[in-house]
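Listed below, chain by chain, are the residues.
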Amino acid sequence: VQLQASGGGLVQAGGSLRLSCAASGRTFSTYAMGWFRQAPGKNREFVAGISGQGIITDYADSAKGRFTISRDNAENTVHLQMNSLKFEDTAVYYCAASRMAVSTSTYSYDYWGQGTQVTVSS
């Protein structure tokens, strides 16, 4: 599975961005998908995850109520709608695919995209 993340950019605090991740392959629906982020000097952290059929979602506390993960298995894409962005959301955002169930651990994910930069100005 190859993953290509896009949609990052510069936005003012309070604004919105929609990240997308396009996946190759015909078995996309068998993978749980996750979004992670990594700020400079910090560990990569879980943001949101979604099961293969989109039934189960999970969010980091920092994302609850502001971010929404969704997927379109017909288009092999997963999205992260980010609203009410804060300065502390600034990071490189990565999408990842897991053969297992939705997980908050980076070790559970088998494939990673290249990352897309999100910068929130205060």
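Further up the page is the structure itself.
Note that this is a predicted model, so its numbers are computed, not measured.

Chemist: Even after reading the chapter, I still don't get the overall build of the protein chain, so can you show me in this structure?
Modeler: Check the secondary structure of the protein chain and you find zero helices and eleven strands. Along the chain direction, N to C, the helices and strands of the protein chain fall in the order β-β-β-β-β-β-β-β-β-β-β. Whereas a compact globule of 122 residues would reach a radius of gyration of roughly 14 Å, the protein chain reaches 13 Å, a difference of no more than 12%. With respect to the principal axes defined by its C-alpha atoms, the protein chain has extents near 40 × 25 × 25 Å. Within the protein chain, the proportion of its 122 residues that are buried is 45%. Surface exposure of the protein chain reaches about 6,300 Å², of which carbon and sulfur atoms provide 48%. When the 10 basic and 8 acidic side-chain charges of the protein chain are each reduced to a single mean position, those positions are 2 Å apart.

Chemist: Looking at this model, I keep getting lost on the nonpolar core. Mind explaining?
Modeler: Across soluble globular proteins, nonpolar side chains have a tendency to be buried as a group. Core analysis: the biggest nonpolar cluster contains 29 residues, and M33, W35, L80, M82 and Y93 have the highest contact counts within it. Listing elements by their share of this core, those giving two or more residues are β1 (3-6), β3 (17-23), β4 (32-38), β5 (45-50), β7 (67-72), β8 (77-82), β9 (91-98) and β11 (116-121). If sequence neighbours within four positions are ignored, M33 has contacts with L3, C21, F28, A48, G49, I50, I69, R71, V78, A96, A97 and Y109. The next biggest cluster of nonpolar side chains, apart from the first, holds five residues, and it includes F36, A60, A96 and Y109.

Each value, and the rule that gives it
- Residues numbered from 1 in each chain as written.
- Predicted model: local features only at pLDDT ≥ 70, side-chain atom pairs only at ≥ 80, totals over all residues.
- Heavy atoms only, no water.
- Helix = DSSP H or I, 4+ residues; strand = E, 2+ residues; numbered from the N terminus.
- Rg over C-alpha atoms; globule rule 2.2 N^0.38 Å.
- Buried < 20%, exposed > 50% of the residue type's maximum accessible area, 1.4 Å probe, protein only.
- Areas by Shrake-Rupley, 256 points an atom, 1.4 Å probe, with all protein chains shown as cover.
- Lys, Arg positive; Asp, Glu negative; His and termini not counted.
- Charge placed at Lys NZ, Arg CZ, Asp CG, Glu CD.
- Core = buried A, V, L, I, M, F, W, Y, C linked by side-chain atoms within 4.5 Å.
- Contact = heavy atoms within 4.5 Å.

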